[in-house]
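A closer look at the structure
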Amino acid sequence: MVLAQLGGSISRALQQMSNATIIDEKVLNECLNEITRALLQSDVQFKLVRDMQSNIKKIVNLDDLAAGHNKRKIIQQAIFNELCKMLDPGKPSFTPKKGKTSVVMFVGLQGSGKTTTCTKYAYYHQKKGWRPALVCADTFRAGAFDQLKQNATKAKIPFYGSYTESDPVKIAVEGVETFKKENCDLIIVDTSGRHKQEAALFEEMRQVSEATKPDLVIFVMDSSIGQAAFDQAQAFKQSVSVGAVIVTKMDGHAKGGGALSAVAATKSPVIFIGTGEHMDEFEIFDVKPFVSRLLG
Ligand code: GDP
């Protein structure tokens, strides 16, 4: 279910409840069940939806509803607040500072949009006057270095990588050292992915992270992976200290639910979203407008 449809379903559920002459627990439950179904279809994880439902029940006062206050508004506000809370892990992510060297490591499965997002992130900062640099520590996928090289060249961003070296840790360390010497203030390390969550990948991420000591690890997630989002995000979080999330492919048939799951699993905020294949199709993630859009 895409974002707009989810908003529509929730609005319909609220409308149906508003139309009821008596608002009792049964009517409220029916409304919440409808909303639950809509959220599940949007790939919000079952446990999150269940928690949200019980929180709303605690917040919404049936007497207020019965007294004829604007029921729709009361419940809509409660849902809005709950969804905002779910997307806010309570602490901001580490934010690199211009002019001060930071190492940012990107992790995610193959095809999630990691390499594209690394360049978008670099380009975004470069436009604001930073000196970013890209390191290709993906020695697993043939063609990974060429892809990063092409992107980096297009954006005129310095890059580091190797066609012959097979040790990702060695390349990552060399790249980071090289760019530290060149006074780059945002050193971005692109890492390998796999099609599936595999032990070898997580071990490699742990080693690259240990060797490069990143200031921030960003987990890149494809918004179309559906209910798999929670487990995938959690698996990365367990091997490296993920501090932020970027959700890609929010254009097209984007679902919002995965973002909620990724935040819950990593206890880290979503900081940007990818909205297309191009370098500048990249937006800062803002909780309230996102939830407003979700609710239609
Ligand atoms: P990686 O294997 O994780 O490094 O993924 P890539 O960066 O190679 O991206 C995989 C595919 O997704 C490529 O065709 C990208 O152009 C595409 N892609 C990445 N981000 C986005 C996005 O935000 N929107 C769309 N529509 N496509 C994207």
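That block above? That's the structure.
Residues numbered from 1 in each chain as written. Predicted model: local features only at pLDDT ≥ 70, side-chain atom pairs only at ≥ 80, totals over all residues. Heavy atoms only, no water.

Notes on the site of the ligand
Around the ligand there are 17 residues in total, and G111, K114, T115, T116 and D251 lie nearest to it. Between the ligand and the protein, one listed contact pairs an oxygen atom with a backbone N or O atom of G111 at 2.7 Å. K120 is positioned with one of its side-chain polar atoms (N or O) 3.4 Å from an oxygen atom of the ligand. Out of a free accessible area of 590 Å², the ligand has 80% covered by protein chains. The element best represented in the shell around the ligand is helix α6 (residues 114–127), accounting for four residues. (Near = heavy atom within 4 Å. Polar contact = N/O pair within 3.5 Å; in protein donor to acceptor, adjacent residues only side chain to side chain. Areas by Shrake-Rupley, 256 points an atom, 1.4 Å probe, with all protein chains shown as cover. Helix = DSSP H or I, 4+ residues; strand = E, 2+ residues; numbered from the N terminus.)

Remarks on the nonpolar core
The biggest cluster of nonpolar side chains holds 70 residues, and the ones touching the most others in it are I79, L83, L87, V107, F236 and V291. The leading source of residues in this core is helix α5 (residues 71–87), at eight residues. The residues contacting V291, other than those within four sequence positions of it, are F80, L83, C84 and L87. Counting 26 residues, the second largest nonpolar core, distinct from the first, contains Y121, W130, L186 and I271. (Core = buried A, V, L, I, M, F, W, Y, C linked by side-chain atoms within 4.5 Å. Buried < 20%, exposed > 50% of the residue type's maximum accessible area, 1.4 Å probe, protein only. Contact = heavy atoms within 4.5 Å.)

With respect to the side chain of T191
Summarising the element assignment, T191 is placed in strand β4 (residues 186–191). In this structure the side chain of T191 is engaged in a polar contact, spanning 2.5 Å, whose partner is the backbone oxygen of F106. When residues no more than four places from it in sequence are discounted, the contact partners of T191 are M105, F106, V107, K114, A137, D138, M205 and V208.

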